[in-house]
Each structure stands twice: as structure tokens, then as C-alpha cells.
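Residues per chain are reported as follows:
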Amino acid sequence: MKIPAAHSFDCTPKEAILLQERLRRQVIPHGDPGVIHLIAGADASYAKGEDVIYAAVVVLTFPELTPVEYAWAEAETTFPYIPGLLTFREGPALLEAFRKVQSEPEVILFDGQGIAHPRSLGIASHMGVLLDRPTVGVAKRLLTGTVDEPARDRGATSPITSRDEVIGMAVRTKSRVKPVYVSVGHRIDLKPAVRLVLAADRGYRLPEPTRQAHLFSNTVRRHGGGSVKAVQTTLL
DNA sequence: GCGACAG
DNA sequence: ATCTTGTCGC
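The rules we used
- Residues numbered from 1 in each chain as written.
- Chains lettered and ligands numbered in written order.
- Predicted model: local features only at pLDDT ≥ 70, side-chain atom pairs only at ≥ 80, totals over all residues.
- Heavy atoms only, no water.
- UniProt positions renumbered as here; feature names shortened; annotations may be inferred.
- Helix = DSSP H or I, 4+ residues; strand = E, 2+ residues; numbered from the N terminus.
- Buried < 20%, exposed > 50% of the residue type's maximum accessible area, 1.4 Å probe, protein only.
- Contact = heavy atoms within 4.5 Å.
- Patch = residues over 30% accessible without salt bridge, like charges linked within 9 Å, V, L, I, M, F, W, Y side chains within 5 Å.
- Areas by Shrake-Rupley, 256 points an atom, 1.4 Å probe, with all protein chains shown as cover.
- Salt bridge = Lys/Arg side-chain N within 4 Å of Asp/Glu carboxyl O.
- Lys, Arg positive; Asp, Glu negative; His and termini not counted.
- Charge placed at Lys NZ, Arg CZ, Asp CG, Glu CD.
- Phe/Tyr/Trp six-rings, centres within 6.5 Å; stacked < 30°, edge-to-face > 60°.
- Lys NZ or Arg CZ within 6 Å of the ring centre and 35° of its normal.
- Pairing = 2+ DSSP bridges.
- Near = heavy atom within 4 Å.
- Polar contact = N/O pair within 3.5 Å; in protein donor to acceptor, adjacent residues only side chain to side chain.

Going by what an unreviewed UniProt entry lists, chain A is known as Endonuclease V and is assigned to Methanoculleus taiwanensis. The UniProt entry for chain A carries the following text under Sequence similarities (unreviewed entry): "Belongs to the endonuclease V family." As its UniProt record puts it under Function (unreviewed entry), chain A is described as follows: "DNA repair enzyme involved in the repair of deaminated bases. Selectively cleaves double-stranded DNA at the second phosphodiester bond 3' to a deoxyinosine leaving behind the intact lesion on the nicked DNA."

A. Structural detail: the environment of Val52. Positionally, Val52 belongs in strand E2 (residues 52–61). Owing to a relative accessible area of 14%, Val52 belongs among the buried residues under this scheme. When near neighbours in sequence (up to four residues on either side) are disregarded, Val52 contacts Ser45, Tyr46, Glu74, Ala75 and Glu76.

B. A look at a negative patch on the surface. There is a patch of like negative charges on the surface, built from Glu50, Asp51, Glu74, Glu76 and Glu96. One can find Asp51 in the loop between strand E1 (38–45) and E2.

C. Looking closely at the packing of aromatic side chains. Scanning all chains against the criterion turns up four aromatic pairs. Between Phe79 and Phe88, the ring centres sit 5.6 Å apart and the planes meet at 35°, which makes this aromatic pair tilted. Classification of Phe79 as buried rests on a relative accessible area of 6%. Ring geometry for Phe98 against Phe110: centres 5.9 Å apart, planes inclined by 45°, an arrangement best described as tilted. Of the two residues, Phe98 is situated in helix H2 (residues 87–99) and Phe110 in strand E4 (residues 107–110); the sequence distance between them amounts to 12 residues. Take Phe98 and Phe110: they sit in the same class, and that class is buried. Grouping aromatic residues by their ring pairs yields a cluster made of Phe9, Phe79 and Phe88. Lying across the ring of Tyr204, Arg211 places its NZ or CZ 3.6 Å from the centre.

D. Inspection of the pairing of strand E9 (residues 180–186) at higher detail. Of all seven residues in E9, seven are buried, a share of seventy percent or more. Where strand E5 (residues 135–139) meets E9, five bridges bridge the pair, whose relative direction is antiparallel. Residue pairing for E9: Thr135 is matched across the bridge by His186. By the bridge criterion, three bridges tie strand E8 (residues 165–171) to E9 in an arrangement that is antiparallel.

E. Local environment of the protein's contact with DNA strand B. Every one of the 19 residues lining DNA strand B counts as a neighbour, but Tyr46, Tyr81, Gly84, Lys140 and Arg141 are closest to it. Sugar and phosphate atoms represent 49% of those atoms of DNA strand B found within 4 Å of the protein. With respect to DNA strand B, the backbone of Gly84 contributes an N or O atom lying 2.9 Å from a base nitrogen. Here a base nitrogen of DNA strand B and a backbone polar atom of Gln113 are 3.1 Å apart.

Okay, here's the thing in C-alpha cells:
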């Protein structure tokens, strides 16, 4: 993937918030990716006390959801985890991983919020603007907004609202299991975003793209990059 | 001032 | 997010 040059992430929390309020204007919360052939999932992991972030991107065919590419990168960070500023901790590593992706996925799913964020710039939206591609946020917990419990069956949804506006959708990807919180990242409408998350799910709570990215980032972190070739051979 | 608070 | 074994429930 050809990644446009990004702004600096070397800043203080206060500066980060100012940057978010400036970048939020570049988010395009509408669109439809059209026919999708490749879909990607991105996630990051790290060891408890350390400041090394392991980012992973897994590209899978759609709608088969067969993994066809694994990319990863590790990057040092000094930015702490602060609710609302997640991108400043995981973003740099994720961008490095994306630069290594050879294929061209038409849409990317992130582990976290899109516009369902205090400043409408969750990690999916922020990365979407920097990558200039359609993105969707799939979070396991709510950061902001209110929502009612969706019905218990798979496919049930319930709108996430904030300030009397719908900012996302709670989606039950698996019957009787906690829902995931979907919100628009960039260049996509909520409707197709929700449709995509359900179509990319294979019986687990998390859709395959982010689920695979999560598993892969942990594999790289624990077994090291030296064993990745063997891992990829096994997975592919 | 108090509580909430993605990963 | 991560630290960790077994264990209760569908």
C-alpha cells in the first residue's frame, strides 16, 4: 500500500487533542466501497511494562475471508494509553505495518472506535484519513455515547447515540454474546459498515479481519519475527 | 467536583 | 492492552 506522508506523532497529550480537532474536519463519514475483493484487519499488542508496540495487518479475500497476506512492524513509543488518544500510542506502528502491505484491500477494519469518539476521531477514522482509504471501527467496548442492549440473536443491532445523533451501532455478531460497537471510520456509511462487519464474521464475536490481526500481532510479539515465515506458511 | 474512560 | 488456570455454561 502506498501510504501518504503523515503528520508527526511526537507530541504531548494537549497537542494531540488539538491535532484531533483539526483532523476531524478531514473525515468523510459517507460512501460505499462497492464490490470488495480484499478486506484487511489491523491491531496492535505489547508486553505489560514495555514500550514496544507490535502492529499487525492481515489481508483476507472477500467474501471467502481467506487470509492472503500478513504484514507487521514494531515501533517504540513513549506515549501512554489515554482514553481518546489511542492513535498516538498505536498509530505509528500501524502505519509502518501498512507500508509493508503489498496488496490493495478496499476496506480496513480496526480494533477500536471510528467517529464514536469524543472528538469524532477514533483510531479507525484517524488512520482512514492518513491512509486515505475506507475504514471501519469495531470496538469491544464503548468509549462515548449511550446504547440500548440489542436483541439476543446474531444480526441484532441497536444505535449508539450522542448529542441526539447516531454515531455508531451495537452489533450482535454472535447470539447471546456481548455485541461489538461499530462506527464509521472514513469514506463509508454506517449501513454498509455494519453489513460488512456481519459479512466478515465467521462465528466468533470479532469479525475475521480484526480477529486474525489480533492473533497475528500476538504471535509476532511472543514468537518473534524470526519465526513468522513458518507461521505464515502454516496459516496460509 | 464526580464519574467515565477504545486498547 | 497484559498478567494467568481452571472452570461454569451453552
